Each structure stands twice: as structure tokens, then as C-alpha cells.
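Summary of the model geometry
Listed here are the chains, written in short residue letters.
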Amino acid sequence: MNIRRIALISVPYLWLLALFMVPFLIVFKISLSDIALAIPPYTPTLDISGGWTEVRSFFSQLDFENFEFLATDDLYWKSYLSSLKIAFISTFICLLVGFPIAYGMANAPKEWQPTLMLLVILPFWTSFLIRVYSLIGILSQEGMLNQFLMWIGLIGEPLTILNTNIAVYIGIVYTYCPFMILPIYATLIKLDGSLLEAAEDLGCSRTEAFWRITVPLSKAGIIAGCFLVFIPALGEFVIPSLLGGSDTLMIGKVLYEEFFANRDWPVAGAVAVILLLILIVPIVLYQRNEQKIMEAEK
Amino acid sequence: MPETAFEPWKDPSAKPLIQFRNVTKRFGDFVAIDDLSIDIFEKEFFALLGPSGCGKTTMMRMLAGFETPTSGTIMLDGKDISPIPPNKRSVNMMFQSYALFPHLTVYDNIAFGLKRSKMPKDEIDARVKEMLRLVQIEKFGNRKPEQISGGQRQRVALARALAKAPKLLLLDEPLSALDKKLRQETQFELMDIQEKTGTTFVVVTHDQEEAMTVASRVAVMDHGKLKQVDTPDQIYEAPNSTYVADFIGDVNIIEGHATTQGDTVAIAWAEGQPSIIGTPTRPGMAGKVSFAIRPEKVAISAEKPKDLNNVVQGKILDIAYLGNLSTYHVALPGGITIKAQTANSRRRARRPFTWDDEVWLSWTDTAGIVLDS
């Protein structure tokens, strides 16, 4: 009986160990190594056949040089900060755009709601990469947005949007908005309409009832949505490399370049480890929020 | 207790608190309220009673301000309230689902309306505590609604609706979520609270027992119209239609043909049977009528009773034993079944009648009601 229980409990832990802990330890080990012109492109590599002395010399060659390097070159901490800023602002814009959409969906006639839901998730039916490429077509100098704005006479000459941070914001907000809309919609749809009537009955105007009842009661959905946007946006690299300019600093892009362009796996490993440490904070907060929702629903 | 009976509806000089004047409400093609007029007076405990879909909830929502009449006017204190939004009306509502704010404590729920009214903080505190005391939940002020029982939630909802001391309190099926025993206790508490606060209560219910217990007057509704508005005893003893007689309590209805005989009417109801003698509800009643009589007003005996006009013989078909009462279903010649109810003052084993016994049913001339059909 006890063995069966332990076996059952160990399944998720083995899963985490094999698919999360082991790869992380490999990355962490690479981040402590030195760059080398070899395959794989770092040293030392462990050779157990050499016996105990070999293992000891392997560990003696590992050091924190790459982390020290990240601290000395301001490219890295600037990229981290810039990523945090872009992720933060994008999350905020997603909330501003997503909440009204979710609110509209939740208050739409019942028979429309499945259709609206489908429209929100419809973009996922196309490859993410293709959608970002199509944004290039829309945002470029000769793109549809500029042509439309010039046609209605709002601007005289085309705006430079592509290859700027604005394009990165547009890309992130467009891509991640569904992750904001869906959890908020899920909380709003459960909101009992009589609560708003009760608030009105007790002297609230419609707007006041919205701020005092609707917003606090959809708080869990708002928090979940914000994390679902913030966490992937922080490490995003496709959007800044395709839509951003040369001055767009994002850590995901830096990581990609270290790894593929410079083939400096140890530095790339160090960048990844730091990024993970930064992400652990919002991930833990997100988990706590989810737990709270589960408890509230019990 | 007031020395004279509380009957403002009989006083022509009394000013009604609420007046419905030819109010009609349509939802598309559906007529929810059909040209309805009624006066409700201050300090009344007024019950709107009817089956679901009869328009009682619509009436209440119009008073609260969540619906506006399609035509006609609703006056509160002599003023037309149609243009006033719900948050500006001195009317509060206790919702059927209670609609307690789940993110606020019991205390903050009750304080919610007061905080909106710019009342000073210490006064709010005093008022909330007074309300908690009134509904006897002082101990639960710091709990969230999910942490208290259904009966306690009902009290919080009542306290919250009463906190702003409204001129009119609306209660939508206030006790429907409680179990029977708690419901009966709470009915009396509700009456106590109504008397203590002197607030006018309008309660919507489909439970006739609840309406009869709590209300000073009951309005029986059907299809957007008022069938009868009267005190509970009048509704029960003197229903004005077979609908009302049938809706409130148990009743036997016998169709027949009436002819006037001096002060009484004789109703021919089956061939070869003596006519039923009844008291007419208006002079000169004749033609097709329905005779309605409550089961408890029909006496059942083994011997033929003397000195009574209305005596019929029948056979017991069924006996429903309810503990304190027994209801006998008696088949009369002509295929009609009549229910007769007696109190079980003796043990069940010593019950005088059993299935298939021939028994005599009898009632006095004034026991039933003759209604036009």
C-alpha cells in the first residue's frame, strides 16, 4: 500500500526531475564552463572513465566568470531592465485592451458568447511566426496601416513604426491579448448580476458599482491574465528580433544572439539562469493566486 | 399593540405610500403587468402572491427601479418615481439570492449602503451595530458571507436592506432558501422586525402559507392582473373567484345551477340529489355557479346528521393521514369526489372510519361560498 502511494506521488516529481531539473542543471553547468572551439563549444566536459581525479579536475575548472562578465558589461543588465520595462508596459496595455473585450464578451447575449470566444482564440489556429510576419506587412513604411492613414488624410508621409519599440509593443499586445482576455472573461462570466443590482439599490451609480463590485470580484482573473502576459513577454525574442530595431534591447534577443550568433554557450547559459531567477518571482506569485482561486471556489 | 385594528385601506382619508395607477408592463409581446392599479399604505406588510410568471416579481422590480412601466404611473409618497434611478430611491430590496458581496465582510456588506450616503463614520458604525443587533448576528460581523450559514446570510441581507432606513423595503421570496422549520421561525421574526422598525414591507412570494402568516394584506395575482386584494382571513374565507379559492389552501368546488330561495340559494348539482343550500355572495344570484367549500368545514359522520340542510351520503375512497389531521376523499353519487378534513383528536387505531365505509358528509348553510362561474 505504502509503496503504491509513494510510486503514485513520485510520478510528477520524476517528471519534473527529468524535464525540468536535469535540463536546468545542464544549463547551469554550461554557464559555469568556458567557451571553447570544440563540439560541444565549451569546456570542461566530464569524462568519468578517468576516475576520481578526473572528476575533481572537472569541478575545479568550473567558475562564476560568466556571471561576473554579465555584471561588468552593461549590455546585459540594460537588456534585463529594458525587457522588464517592455513586459510591464505591454502587460498594462493588454489589460487596458483586454478587460473591455472580456467585459463586452461576458455581457453579450448568451448565444453570441461561443462565437466571440472562438474569435478570440482564432489567431492560435495560425502559426505564431506567420502572424508576426504578417504584422511586418501591416506596419512597414509601405504597409497597410500607413497607406490607410495617408488615404484618410491623417498623415502626409508614412510613419516609421516597424523596427522600433512601438512595433514591439504592438506585436506583444496583439500576440498575448487572448491570455489576458480569457481568464478575465472566466471570472466576469461567473459574476452574479444581482450583485450589481444590489449595489445600485444601495446607492451606487453604475460606474461606482463597476469599480466597487465588478473590478474587485474579477481581481483573480486580472492577476492571472497579467502573469500569463508578463511571464512570456519578459523572455520574448521572436517579436523583438522581427519587429524591433537595432536599439530594441530585450534579453530574449540577447540570449538568442549569444547562443546562435556568437556560439558562446557559457555566457548564454548564464543569461538564461539569471532570466529564470527573475521569472521565479512572478511565477511563484502566479501560483499563489491560482491557489487562492481554487480555495475560493471550494 | 395598537388599540384600533390597523386597517388604513378602509380609511378613505388615509394617504397611500405607494400607488400603482393603470400600470402596464410589456416585454415584447408578453404582457407582464396588465393595467394594474393598487394602493399600499405606510407600515403595511403587503404580500404579492401568485404562481411563477404572474408578474409579481416585475411589480417589485418596478418599485425598485430596475424596470420602468410601459404605461401608467407609480407614485411613492405622492411623487411619480418613474424618472428616479434605483440608486436615488428611498426603496431597498432584499434579493432572493441575497446578493451579498462575497469580497466584503458581513459588517462591510451592511455598511455598504450607508457609506454611499455620506454619513459620518461614527454614525455608520453605530447604525451597522444596531442592525447586527436587530437581526441577532452581532458575532458574525467580521466573517465573509461564505463563512456563515444560509439562515445567517438571510439575516445579513435583511440587515443590509434595512440599514438605510428606507421608506419601503422589498423582499423577493425572502425565505425560500431556508428549510421549513427555520422558515416558520423566521416568519415571526420578520413580523417582529417589521413592527419594530415601522417600515413598509412588500414581500413577493409563491408560498401561500408564508403570505398568510406575515402579511397584513395579500394580493393574489394571475397573468399580470390582481385577482383579489384583502386580508389573509378574507382571502381564505371569502375568495372572490374560484381561482383565488383554489390557489389559497385546499378547496372542493362543485359546479351547479342556482335558484334564489329567500335569503339563500339552492344549487342543483346532481340529478336525484337534494340541492345544496348556500348563502349568496351578492343578491339575486342565479344561473351557473361554483360552490366552494374548504375540507375542514365538511363534517364526516357515520350516522345521518339531523337539522342540517346539506347532507349527502358517499363512500370513502382514500384517507390521507397527516398526523394532526386526516383528509377523507369521499365519492358522491354522480362521480364527484369531496375532501373532508377532521382533526385527529383520537389515536389512529381508534379511527372511526376506514376505506369503503358509507359515511355522511354535512355542512351548514354558511360554510361554503357561492361564486359566479
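Residues numbered from 1 in each chain as written. Chains lettered and ligands numbered in written order. Predicted model: local features only at pLDDT ≥ 70, side-chain atom pairs only at ≥ 80, totals over all residues. Heavy atoms only, no water.

Details of the overall build of chain B
Defined as follows: Helix and strand assignments follow DSSP, with helices taken as H or I runs no shorter than four residues and strands as E runs no shorter than two, numbered in order from the N terminus. Exposure classes here rest on a 1.4 Å probe applied to the protein chains alone. A residue is buried below 20% of its type maximum, exposed above 50%, and partly exposed in between. Whether two residues are in contact is decided by their heavy atoms, any of which lying within 4.5 Å being enough. Computed by Shrake-Rupley with a 1.4 Å probe, the accessible areas treat only the displayed protein chains as cover when residues are assessed.
For chain B, the helix and strand inventory stands at 8 helices and 20 strands. Considered along the principal axes of its C-alpha atoms, chain B spans approximately 80 × 50 × 45 Å. Counting across all 373 residues of chain B, residues that qualify as buried make up 49%. Contacts in chain B between residues at least 24 apart in sequence constitute 67% of all its contacts with a sequence separation of at least 6. As displayed, chain B has an accessible area near 18100 Å², and 49% of this comes from carbon and sulfur atoms.

Overview of the overall build of chain A
Using the following cut-off: To get the radius of gyration, use the C-alpha atoms; to get the globule rule, take the number of residues to the power 0.38 and multiply by 2.2 Å.
A tally of regular secondary structure across chain A gives 14 helices and 2 strands. A globule of 298 residues ought to have a C-alpha radius of gyration of about 19 Å, yet chain A, at 24 Å, is considerably larger. Overall, chain A is about 80 × 70 × 35 Å in size when its C-alpha atoms are taken along their principal axes. The burial tally for chain A puts 38% of its 298 residues in the buried class. For chain A, the share of sequence-separated contacts (at least 6 apart) that also reach a separation of at least 24 residues comes to 70%.

Details of the sheet that holds strand β19 (residues 358-363) of chain B
The strands that make up a sheet are held in pairs by hydrogen bonds between backbone atoms, and each pair lies either parallel or antiparallel. Residues and elements named next belong to chain B. Spelled out, the test is: Two strands pair if DSSP finds at least two bridges between them. Only C-alpha atoms enter the line fits that serve as axes; for helices the fit covers just the stretch in contact. Angles between N-to-C directions range over 0 to 180 degrees.
Taken in spatial order, the 5 strands line up as β15-β19-β16-β17-β18 in an open sheet, and their pairing is antiparallel. Looking at strand neighbours, the two that pair on one side only are β15 (299-301) and β18 (337-343), the edges of this open sheet. The sheet shows a mean angle of 45 degrees between the axes of neighbouring strands, direction not considered. Pairing between β15 and β19: 3 bridges, direction antiparallel. Bridge pairing in β19 places Ser-301 opposite Trp-360.

Side note on the nonpolar core
General note: in soluble globular proteins, nonpolar side chains tend to be found buried as a group. As a reminder of what qualifies: The term nonpolar core refers to a set of buried residues drawn from Ala, Val, Leu, Ile, Met, Phe, Trp, Tyr and Cys, joined through side-chain atoms within 4.5 Å.
Grouped together as the largest cluster of nonpolar side chains are 54 residues, with contacts concentrated most on Leu-70, Ile-172, Met-180, Ile-184, Ile-239, Leu-243 and Val-271 of chain A. Elements with a contribution of two residues or more to this core: α3 (65-72), α4 (74-107), α6 (128-139), α8 (165-189), α11 (219-234), α12 (238-243), α13 (251-261) and α14 (265-297) of chain A. It is α8 of chain A that contributes the most residues to this core, 12 residues altogether. Among residues more than four places away in sequence, those in contact with Met-180 of chain A are Thr-91, Cys-94, Leu-95, Gly-98, Ile-222, Gly-225, Cys-226 and Val-229 of chain A. Grouped together as the second largest cluster of nonpolar side chains are 43 residues, Leu-49, Met-94, Val-203 and Ile-248 of chain B included.

Things to note about unusual backbone geometry
In most cases, non-glycine residues show a negative phi, while peptide bonds are predominantly trans. In this structure, Pro-40 of chain A follows Ile-39 of chain A across a cis peptide bond, with omega equal to -10 degrees. Assignment of secondary structure puts Pro-40 of chain A in the loop between β1 (34-35) and β2 (42-43). Between Thr-43 of chain A and the following residue, Pro-44 of chain A, the backbone shows a cis peptide bond with an omega angle of 0 degrees. Structurally, the position occupied by Pro-44 of chain A is in the loop between β2 and α2 (52-60). A positive phi is found at Tyr-98 of chain B, a non-glycine position, where the angle reads about 75 degrees. Mapped onto the elements, Tyr-98 of chain B comes out in the loop between β6 (91-94) and α2 (106-116). Despite not being glycine, Asp-307 of chain B has its phi angle at roughly 60 degrees, a positive value.

Section: the packing of α4 of chain A against α8 of chain A
Packed helices, taken two at a time, are described by the angle their axes make and the gap between the axes. Residues and elements named next belong to chain A. Convention followed: Angle categories are assigned with fixed cut-offs, so that under 35 degrees is roughly parallel, over 145 is roughly antiparallel, 65 to 115 is roughly perpendicular, and the rest are oblique. Crossing handedness follows the turn of the near helix against the far one: under a right angle anticlockwise gives a left-handed crossing, and clockwise gives a right-handed one. We call Asp, Glu, Lys and Arg charged. Ala, Val, Leu, Ile, Met, Phe, Trp, Tyr, Cys and Pro are nonpolar, and the rest, Gly among them, are polar.
The contact between α4 and α8 brings their axes to 6 Å, and the two run at 45 degrees. Taken together, α4 and α8 sit at an angle that is classed as oblique. For the crossing formed where α4 meets α8, the hand is right-handed. Its residues assigned to classes, the contact of α4 with α8 comprises 24 nonpolar, 3 polar and 1 charged.

Re the confidence of the model for chain B
What counts is decided by this rule: Known as pLDDT, the predictor's confidence for each residue is given on a scale from 0 to 100.
Taken as a whole, chain B shows an average pLDDT of 89; of its residues, 98% reach a score of 70 or greater. If you check the scores for this complex, the pTM reads 0.82 and the ipTM reads 0.83.

Some thoughts on the side chain of Thr-24 of chain B
Residues and elements named next belong to chain B. Going by this rule: Any N or O atom pair separated by 3.5 Å or less is treated as a polar contact, with the protein-specific requirement of one donor-capable and one acceptor-capable atom, and with residues adjacent in sequence counted only for side-chain atom pairs.
Note on placement: Thr-24 falls in strand β1 (residues 16-27). On the basis of relative accessible area, Thr-24 is assigned to the buried category, the value being 7%. A polar side-chain atom of Thr-24 sits 3.0 Å from the main-chain amide nitrogen of Asp-35. Leaving out residues up to four positions away in the same chain, Thr-24 has contacts with Ile-33, Asp-34, Asp-35, Pro-69, Thr-70 and Ser-71.

What about helix α1 (residues 2-31) of chain A?
All names here are of chain A. Put simply, the rule reads: Given a helix with a known number of residues, its expected span is that number minus one, times 1.5 Å. By definition, a residue's bend is the angle between the axes fitted to the seven residues ending there and the seven starting there.
The end-to-end C-alpha distance of α1 is 40 Å, a good match for the 44 Å that 30 residues give at a rise of 1.5 Å each. When the local axis directions of α1 are compared, the greatest deviation, roughly 40 degrees, occurs at Leu-17. Among the residues making up α1, those that are buried are Lys-29, Ile-30 and Ser-31.

Describing the sheet that holds strand β2 (residues 30-41) of chain B
Residues and elements named next belong to chain B. Taken together, the 4 strands give an open sheet; going across it, the order is β2-β1-β4-β5, and neighbouring strands pair in antiparallel fashion. Among the strands making up the open sheet, the edge pair consists of β2 and β5 (79-80). Bridge count between β1 and β2: 8 bridges; the pairing is antiparallel. The residue bridging Phe-27 from the neighbouring strand is Phe-30, located in β2. Along the sheet, helix α1 (residues 56-64) contacts β1, β2 and β4 (71-76); its crossing angle with β1, the most-contacted strand, is approximately 115 degrees.

Remarks on the domain arrangement of chain B
All names here are of chain B. Note the cut-off: Reported domain spans reflect what an automatic or database domain assignment gives. Here the buried area means the combined drop in accessible surface, using a 1.4 Å probe, for two parts upon being joined, counting both sides. What counts as a salt bridge is simple: a side-chain nitrogen of Lys or Arg found within 4 Å of a carboxyl oxygen of Asp or Glu.
Here chain B is partitioned into domain 1 (8-243) and domain 2 (250-372). Relative placement of domain 1 and domain 2: their C-alpha centres are 39 Å apart. Summing the contributions of domain 1 and of domain 2, the shared interface buries around 630 Å²; its carbon and sulfur component is 56%. Summed over the three residues of domain 1 that lose the most area to domain 2, namely Tyr-236, Pro-239 and Thr-242, the buried surface amounts to 75% of that side. Applying the counting criterion to the domain 1 and domain 2 interface returns 1 salt bridge. Between Glu-237 and Lys-297 there is a salt bridge, with its nearest N and O atoms 3.2 Å apart. For the interface between domain 1 and domain 2, the tally reads 3 residue pairs in polar contact (both at pLDDT 80 or more). The biggest single contributor to the side of domain 1 that touches domain 2 is helix α7 (residues 232-237), with 3 residues. Broken down by class, the residue content of the side of domain 1 that touches domain 2 amounts to 4 nonpolar, 3 polar and 1 charged.

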